[in-house]
Amino acid sequence: MQSELFAQSNLEVQAQQRFALQNPQMLRVALGPDVLSVKGAMVAYQGQIRFDHEKAGSMGKLLKKVLTAEDVPLMRVSGQGEVFFASEAGYVFLVELAGDGISVNGRNLLAFDAALQWDINRVKGAGIMAGGLFNTTVQGTGTVALHTVGSPVVLDCSQQPTYVDVQAAVAWSSNLVPAVVSSMNMKSMLRGGTGEAFQYSFHGPGFVVVQPSEWAPVQQQSGGGGGGLVGNLLNG
């Protein structure tokens, strides 16, 4: 059988690294120590692999998951073999943490070393008008895999104030403390707005990653059908 499909570039990568790019839009992880990944991100695996729901780990973190839209549904991946992850055909990037941290939009998170610490943090100034914005902070020593919709840009926030649409921000240095600002005046809001109501404001030593696409705002879950507060508590 012959086909362009069987070109070398499409064959499984034989990499020495635990986290490696199979191609720009697919992650390959060789298991040993456990990995945490976003549920639904696994597209294939080889070997003896087990997938388990990852609980929040603490009541404080569980309540944050229940009460915010930044509910990162994680699964613990363990065993021996290789697992392939992807999401929305997004471009995958690996970030190596060396005791530092990164704040990530949960919808751009793909997988990370299970030994890393993670938590959900509220963005300063993100009140009801902004929808209550939360991001996931990952820190420690290990690898974090992100995915972006399209090719991203990394902006240096140290030289001048940097403003990013809240739905286009992928990740930023965890030492940065963004605020949420609005560029709309009341007259504009009464006329229907501009579609660019709220932005993250960054200024200080660090970076912010921006994708050329905006996520649709996440709707808060209010309950019913096993979801909402009770359903999340049972799954926490």
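Anything mentioned here points back to the structure above.
Caption draft 1: Representation of the overall build of the protein chain within the structure. Helices and strands together make up the secondary structure of the protein chain, namely three helices and 15 strands. Classification of the 236 residues of the protein chain by burial places 42% in the buried group. Within the protein chain, counting contacts between residues at least 6 apart in sequence, those at least 24 apart form 78% of the total.

Caption draft 2: Broad picture of the pattern of salt bridges. Per the counting criterion, the structure on display carries five salt bridges. With a closest N to O distance of 3.1 Å, Asp34 and Arg76 form a salt bridge. Of this pair, Asp34 sits in the loop between strand S2 (26-30) and strand S3 (35-38) while Arg76 sits in strand S5 (residues 74-85); the two residues are 42 residues apart in sequence, bridging distant segments of the chain. A relative accessible area of 25% means that Asp34 is categorised as partly exposed.

Caption draft 3: Fine view of the packing of aromatic side chains. Scanning the entire structure with this criterion turns up four aromatic pairs. Aromatic side chains Tyr200 and Phe202 sit 5.9 Å apart centroid to centroid with 65 degrees between the ring planes, which places their arrangement in the edge-to-face category. Site record: aromatic cluster; members linked through ring pairs are Trp172, Tyr200 and Phe202.

Caption draft 4: Main features of a nonpolar patch on the surface. Together, Met1, Leu5 and Phe6 make up a nonpolar patch on the protein surface, roughly 420 Å² of accessible area in all. Secondary-structure assignment places Phe6 in the segment before strand S1 (19-23).

Caption draft 5: Structural context of the sheet that holds strand S11 (residues 162-165). Read from one edge of the open sheet, three strands run S11-S14-S13, paired in antiparallel fashion. Because the sheet does not close on itself, it has two edges, and the strands there are S11 and strand S13 (179-182). Sheet twist, expressed as the mean angle between neighbouring strand axes with direction ignored, is 40 degrees. With four bridges connecting them, S11 and strand S14 (residues 198-202) associate as antiparallel partners. Residue pairing in the sheet places Asp165 in a bridge with Gln199 of S14.

Caption draft 6: Inspection of the side chain of Thr148 at higher detail. Along the chain, the position of Thr148 falls in strand S9 (residues 134-148). At a separation of 2.6 Å, a polar atom in the side chain of Thr148 contacts the main-chain carbonyl oxygen of Gly150.

Caption draft 7: View of unusual backbone geometry. One non-glycine residue with positive phi stands out, namely Glu88, at about 55 degrees. Counting through the fold element by element, Glu88 comes out in the loop between S5 and strand S6 (91-104). According to the relative accessible area criterion, Glu88 is exposed, its value standing at 69%. Positive phi, close to 55 degrees, is recorded for Ala89, a residue that is not glycine.

Caption draft 8: Quick look at the nonpolar core. Ranked by internal contacts, the top residues of the largest apolar core, which has 20 residues, are Leu74, Leu109, Phe112, Trp118, Val138, Val144 and Leu146. For this core, the element with the highest residue contribution is S9, accounting for four residues. When neighbours within four sequence positions are excluded, Val138 is seen to be in contact with Leu97, Asp100, Gly101, Ile102, Phe112, Leu116, Gln117, Trp118 and Val144. Judged by nonpolar contacts, the second largest core, of 15 residues, contains Phe19, Val29, Val77 and Phe85.

Caption draft 9: Structural view of the pairing of S14. Extensive coverage of S14 is indicated by the burial of four of its five residues. Sheet topology places S13 next to S14; four bridges connect them, and they run antiparallel. The residue bridging Val181 from the neighbouring strand is Gln199, located in S14.

Caption draft 10: Representation of the environment of Val170 within the structure. Tracing the sequence through the fold places Val170 in strand S12 (residues 169-173). Each C-alpha atom, one on Val170 and one on Glu214, is 9.8 Å from the other, the two residues being 44 residues apart in sequence. Excluding residues that lie within four positions of it along the chain, Val170 makes contacts with Ser103, Val104, Asn105, Asn108, Leu146, Thr148, Val209, Val210 and Gln211.

Rules used in this analysis
Numbering of residues starts from 1 in each chain and follows the order in which that chain's sequence is written. In view of the model being predicted, local features appear only for residues whose pLDDT reaches at least 70, and side-chain atom pairs are presented and counted only at 80 or more, with totals across whole chains, interfaces and linings using the full set of residues. The side-chain values count all of the structure's non-hydrogen atoms but skip hydrogen atoms and water molecules. Each helix is a run of H or I in the DSSP string that is no shorter than four residues. Each strand is a run of E no shorter than two, and both are numbered from the N terminus. Between buried and exposed lies partly exposed: a residue is buried under 20% and exposed over 50% of the maximum accessible area for its type, with that area taken using a 1.4 Å probe on protein chains only. The contact definition used throughout considers only heavy atoms, calling two residues in contact when any of these lie within 4.5 Å. The rule for a salt bridge is simple: a side-chain nitrogen of Lys or Arg has to be within 4 Å of a carboxyl oxygen of Asp or Glu. Stacked, edge-to-face and tilted labels apply to pairs of Phe, Tyr and Trp rings (six-membered ring for Trp) whose centres lie within 6.5 Å, assigned for plane angles under 30 degrees, over 60, and everything in between, in that order. Patches draw on residues past 30% relative accessible area with no salt bridge. Two like charges within 9 Å are joined, as are two nonpolar side chains (Val, Leu, Ile, Met, Phe, Trp, Tyr) within 5 Å. Accessible areas in this description were obtained via Shrake-Rupley with a 1.4 Å probe; residue shielding takes into account the shown protein chains only. In short, DSSP must find at least two bridges between two strands for them to pair. Only the contacting stretch of a helix is used when fitting its axis, a line to C-alpha atoms as for every element, and angles between N-to-C directions run 0 to 180 degrees. Counting of polar contacts relies on pairs of N or O atoms within 3.5 Å, with two restrictions inside protein: one atom must be capable of donating a hydrogen and the other of accepting it, and residues adjacent in sequence are counted only when both atoms are side-chain atoms. The definition of a nonpolar core used throughout is a set of buried Ala, Val, Leu, Ile, Met, Phe, Trp, Tyr and Cys residues joined through side-chain atoms within 4.5 Å.

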